[in-house]
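# Architecture at a glance
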Amino acid sequence: MGTPRLAVWKFSSCDGCQLTLLDCEDELLALAGKIEIGYFLEASSRQLPPPYDLSLVEGSIATTADLERIRRIREQSRYLVTIGACATAGGVQALRNLASLPEYQAVVYARPEYIDSLDRSTPISAHVPVDLELRGCPIDKRQLLEVITAYLADRKPDIPAHSVCFECKLRGTTCVTVAHGTPCLGPVTQAGCGAICPAYGRGCYGCFGPMGGFNGEGGPNTRALLPLLRRDGVAEADAARLYRTFNAEAPAFAEAARQATEDDG
Amino acid sequence: MTHRTGRLLTVGALARVEGEGALHVSVRGDRVEAVRLEIYEPPRYFEALLRGRTYAEPPDLTSRICGICPVAYQMSACRAIEDACGIVVDGQLAQLRRLLYCGEWIESHTLHVYLLHAPDFLHLPDALALARTDAALLQRGLRLKKAGNEIVEVLGGRAIHPVNVRLGGFHRLPTRAELDHLATVLRQARTDAEDTLGWVAGFEFPPLTVQHELLALTEPDGYAIDSGTPTGALAGPFPLRDFEHRVREHQVPHSTALHATLDGQAHLTGPLARWNLGSERLPAEIRALAAQAGLGPRCVNPFRSIVVRAAEVLWAVTEAQRIIEQYEPPPAPAVPVPPHAGTGYGATEAPRGLLYHRYDLDEAGFVRRAVIVPPTAQNQTAIEADLLAFVEPRLHLDDAELTRQCERVIRNYDPCISCAAHFLTLTVDRS
Ligand code: SF4
Ligand code: SF4
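Residues numbered from 1 in each chain as written. Chains lettered and ligands numbered in written order. Predicted model: local features only at pLDDT ≥ 70, side-chain atom pairs only at ≥ 80, totals over all residues. Heavy atoms only, no water.

### What to know about the sheet that holds strand S11 (residues 342-350) of chain B
Residues and elements named next belong to chain B.
- One open sheet accounts for 3 strands, arranged S11-S12-S13; its pairing is antiparallel. Of all strands in the sheet, those with a lone pairing partner are S11 and strand S13 (367-373), marking the two edges. Along the sheet, successive strands turn relative to each other by an average axial angle of 15 degrees, direction set aside.
- Note that S11 and strand S12 (residues 353-361) share 9 bridges and pair antiparallel. Residue pairing across strands places Thr 348 opposite Leu 355, the latter belonging to S12. (Pairing = 2+ DSSP bridges. Helix = DSSP H or I, 4+ residues; strand = E, 2+ residues; numbered from the N terminus. Axes fitted to C-alpha atoms, helices over the stretch in contact; angles between N-to-C directions.)

### Here's the deal with the site of ligand 2
- In the vicinity of ligand 2, the residues found are Thr 189, Cys 193, Cys 197, Pro 198, Cys 204, Tyr 205, Gly 206, Cys 207 and Phe 208 of chain A together with Arg 158 of chain B.
- In this structure, ligand 2 is bordered by residues of chains A and B.
- Looking at the shell around ligand 2 residue by residue, the classes come out as 7 nonpolar, 2 polar and 1 charged. (Near = heavy atom within 4 Å. Nonpolar A, V, L, I, M, F, W, Y, C, P; charged D, E, K, R; others polar.)

### Details of the UniProt feature "binding site: Mg(2+)" (unreviewed entry) in chain B
Residues and elements named next belong to chain B.
- In the numbering used here, UniProt assigns the feature "binding site: Mg(2+)" (unreviewed entry) to Glu 47, Ile 372 and His 422.
- In this fold, Glu 47 is placed in helix H2 (residues 46-49).
- The exposure class assigned to Glu 47 is buried, which follows from its relative accessible area of 1%. (UniProt positions renumbered as here; feature names shortened; annotations may be inferred. Buried < 20%, exposed > 50% of the residue type's maximum accessible area, 1.4 Å probe, protein only.)

### A look at the site of ligand 1
- Near ligand 1 you find 14 residues, and of these Cys 14, Cys 17, Ala 85, Cys 86 and Cys 137 of chain A are the closest.
- Two or more chains meet at ligand 1, and those chains are chains A and B.
- Going through the elements one at a time, helix H1 (16-22) and helix H4 (85-89) of chain A are the ones with two or more residues in the shell around ligand 1.

### Remarks on the environment of Arg 202 of chain A
- Its location among the elements puts Arg 202 of chain A in the loop between helix H9 (196-199) and helix H10 (222-231).
- Judged by relative accessible area, Arg 202 of chain A falls into the buried class, the value being 12%.
- Setting aside chain neighbours within four positions, we find Arg 202 of chain A in contact with Val 176, Thr 182 and Cys 197 of chain A together with Asp 60, Val 163, Val 165 and His 171 of chain B.
- Polar contacts involving the side chain of Arg 202 of chain A include one to the main-chain carbonyl oxygen of Val 163 of chain B, which spans 2.7 Å. (Contact = heavy atoms within 4.5 Å. Polar contact = N/O pair within 3.5 Å; in protein donor to acceptor, adjacent residues only side chain to side chain.)

### Some details on the side chain of Arg 352 of chain B
- On the secondary structure map, Arg 352 of chain B appears in the loop between S11 and S12.
- Engagement of the side chain of Arg 352 of chain B in a polar contact is seen with the side chain of Ser 108 of chain B, the distance being 2.9 Å.

### Considering the domain arrangement of chain A
All names here are of chain A.
- In terms of domains, chain A is made up of domain 1 (5-152) and domain 2 (164-263).
- Taking the mean C-alpha position of each, domain 1 and domain 2 sit 25 Å from one another.
- Each side of the interface is counted separately: domain 1 has 21 residues, and domain 2 has 19 residues.
- Between domain 1 and domain 2, roughly 1400 Å² of surface is buried when both sides are summed, and carbon and sulfur atoms account for 56% of that area.
- On the surface where domain 1 and domain 2 come into contact, there are 1 salt bridge.
- Notably, a salt bridge pairs Glu 249 with Arg 120, separated by 3.1 Å at the nearest N-O pair.
- The tally of links from domain 1 across to domain 2 stands at 6 residue pairs in polar contact (both at pLDDT 80 or more). (Domains from an automatic or database assignment. Buried area = accessible area lost by both parts, 1.4 Å probe. Salt bridge = Lys/Arg side-chain N within 4 Å of Asp/Glu carboxyl O.)

### Let's talk about the pairing of strand S3 (residues 52-58) of chain A
All names here are of chain A.
- Taking burial as the measure, the 7 residues of S3 include 7 buried ones, the bulk of the element.
- Relative to S3, strand S1 (residues 5-10) is paired through 5 bridges, and the arrangement is parallel. Residue Leu 6 lies in a different strand from S3, and its bridge partner there is Leu 54.
- Sheet topology note: the S3/strand S4 (residues 77-83) ladder contains 6 bridges and is parallel. When the bridges of S4 are listed, Tyr 52 appears paired with Ser 77.
- A crossover links S3 with its parallel partner S4, the connecting element being helix H3 (residues 64-76), and its sense is right-handed. (Right-handed = clockwise from strand over helix to strand, strands pointing away.)

### What to know about the sheet that holds S1 of chain A
Residues and elements named next belong to chain A.
- Taken in spatial order, the 5 strands make up an open sheet running S2-S1-S3-S4-S5, and their pairing is parallel. Of all the strands in the sheet, the pair left with one neighbour each is strand S2 (36-40) and strand S5 (132-134). If you compare each strand with its neighbour and ignore which way they point, the axes differ by 20 degrees on average.
- Looking at chain direction, S1 and S2 are connected through 4 bridges and run parallel. Following the sheet pairing, Arg 5 is matched in S2 by Glu 36.
- Sitting on the sheet, H3 touches S1, S3 and S4, and the angle it makes with S4 is about 130 degrees.

### Focus on the packing of helix H10 (residues 271-278) of chain B against helix H12 (residues 305-326) of chain B
Residues and elements named next belong to chain B.
- Where H10 contacts H12, the two axes come as close as 9 Å, and the packing angle between them is 65 degrees. One element, H10, and the other, H12, form an angle in the roughly perpendicular class. The crossing of H10 and H12 is left-handed. When H10 is examined against H12, the residues Pro 271, Leu 272, Arg 274 and Trp 275 are found in contact with a partner set consisting of Ser 305, Val 308, Arg 309, Ala 311 and Glu 312.
- The class makeup of the residues in the contact of H10 with H12 is 5 nonpolar, 1 polar and 3 charged. (Parallel < 35°, antiparallel > 145°, perpendicular 65-115°, else oblique. Left-handed = near helix turned anticlockwise from the far one by under 90°.)

### What about the UniProt feature "binding site: Ni(2+)" (unreviewed entry) in chain B?
- Per the UniProt annotation, the sites labelled "binding site: Ni(2+)" (unreviewed entry) are Cys 66, Cys 69 and Cys 416 of chain B.
- Following the sequence through the fold, Cys 66 of chain B ends up in the loop between helix H3 (58-63) and helix H4 (70-84).

### Observations concerning the packing of aromatic side chains
All names here are of chain B.
- In the structure shown here, the tally under the stated rule is 14 aromatic pairs over all chains.
- Between the aromatic rings of Trp 199 and Phe 203, the centroid separation amounts to 5.1 Å while the plane-to-plane angle is 75 degrees, which identifies the pairing as edge-to-face.
- Between Tyr 223 and Trp 315, the aromatic rings sit 5.3 Å apart at their centres with planes inclined by 70 degrees, giving edge-to-face as the arrangement. You can see Tyr 223 sitting in the loop between strand S5 (213-218) and strand S6 (229-232) and its partner Trp 315 sitting in helix H12, a full 92 residues away along the chain.
- Judged by its relative accessible area of 3%, Tyr 223 falls in the buried class.
- Three or more aromatic residues link up through ring pairs in this structure, and these residues are Tyr 114, Phe 121, Trp 199, Phe 203 and Phe 205. (Phe/Tyr/Trp six-rings, centres within 6.5 Å; stacked < 30°, edge-to-face > 60°.)

Dropping the structure here:
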């Protein structure tokens, strides 16, 4: 087998997740020696023909043209990894799934008829089989490097499925909820970021989405967190909004937002 | 960044921050009849999804418009919302915000200079090809870029979509040890930035002259980055609250990005505009180094924007050094910002140009309406005009070469659609 061929694809997104690869300043040159860039618009004007050994897919499916493109990419890719909240849960643009598209379009465009837009923003896995999902808005650099090096070494990447709370303990951060009564989604949020927010004195806002394995096993107990959020001054509507940000359409967070509103009803 | 239409803008366009586009050039005989830059990044409807969120949320939410300049979104959003609430963040907190923004300028400009733009001048497909001929050179670029990222990480928690920014300031202040570490990193960055400026100055620049109106923030005694008065080269200074009357966005059928004009003229924002309107207020030392690199007080060739970016990186490094040297911890990481019904305006200089936000809040602090005008939306009309001027004398080139050169023209602007490389499919209709 020759040098593995990497492809990076973009759908509806901010480019932050693919930028994470270019932000690996210390590792970039070493990586470039081990893997060949077959397709990566943000970094190169050279395109090599398919197939691609490792495809990283950023962004959600948001237009009719995307539907066709993601199928083609799947066919051309041996191993397909989705990167970030957009690709794994529809992203912040999935907030429109809860609203009416014509209303949204009227806010933004005088002539919405010019715009190709599906009425829902959906994750890649809703359309094609995905080999691995990397969480985060944006993804974490170390996790991305772990996926690539594991691929090169032909081993399973070590992507733990525990909550942000574990990472606070690892980092030695005092719990912001226990010590300061700061509302925090850490207990129900997937680890991976290194528990940044609590280390900066802020509650986690869930940008890595619900805790749990790739197939949804070991999902979070969001109901148990509700009374704690309430104690710390989060009203029902606020709790629903908290879950409805960057991972609003991840099933466990969508359900948690429903619980938050219905429990007080 | 983005786009918008007949009404004032919207975020939907923003979404196409970077992304893909196409260029259509229709030619009749030896005349170019029309140039159309198409951006078909899918709309993400930010201006719509902000409605009904509380006033503390737009800094985090709008940062997701662009992973390449999230700090710019956070800073413009904070300024606009604080303005609506009647709060001005000043003193050391304002200095720390400026330091964070300098980090983004260093990181984002260096990314563009080394990884996206320089390969054009060296006739290479990408920066990794550069690594094969001159690894030390690319390493210098990556080290400089990393210095910018380290500032954003220390002040913001992480390099992309920082978590530490809030209305009124920050969640936590940097420690002295963290700032000392940055000071060490910046000493090397200073040398790297000077070398970078010298390097890009030696490139060959195809002739092209900007004919457009220019728009940038200006300040009485410094180079504007995180605040200032919108100022046009022809239009002169005007109050920020008049922005939407002067800069109008309109939708065009071929793009999800809205087009914009200033007083009805195509206008340009970004490095060239900032340089022409503000370089006289840079420290003498920076002006002298820029002059050595061939940059006078005016620069009207868009291909030279790479030199302006390098000079701006050098300035941002020295500005970051100054802020760290003069830093005294403020009494609290943030000043309180109680909600207030009203409208607020905020504009800052994203690396790619002026980024404007407006929010209408109700008395509980909920967002009633949000308007965001990103730099790429403003530059799109000017980019098309440049392409028109550029293509006509080059119609003898074959399609592949003409396409390559047109892509270079577009990359001069580092548009957020820049997805650096071949985001262009050129169709020449030679009827
Ligand atoms: S997940 Fe977040 S960082 Fe990644 S592309 Fe989407 S909006 Fe950007
Ligand atoms: S602590 Fe939570 S919100 Fe903060 S970066 Fe980590 S996952 Fe995202």
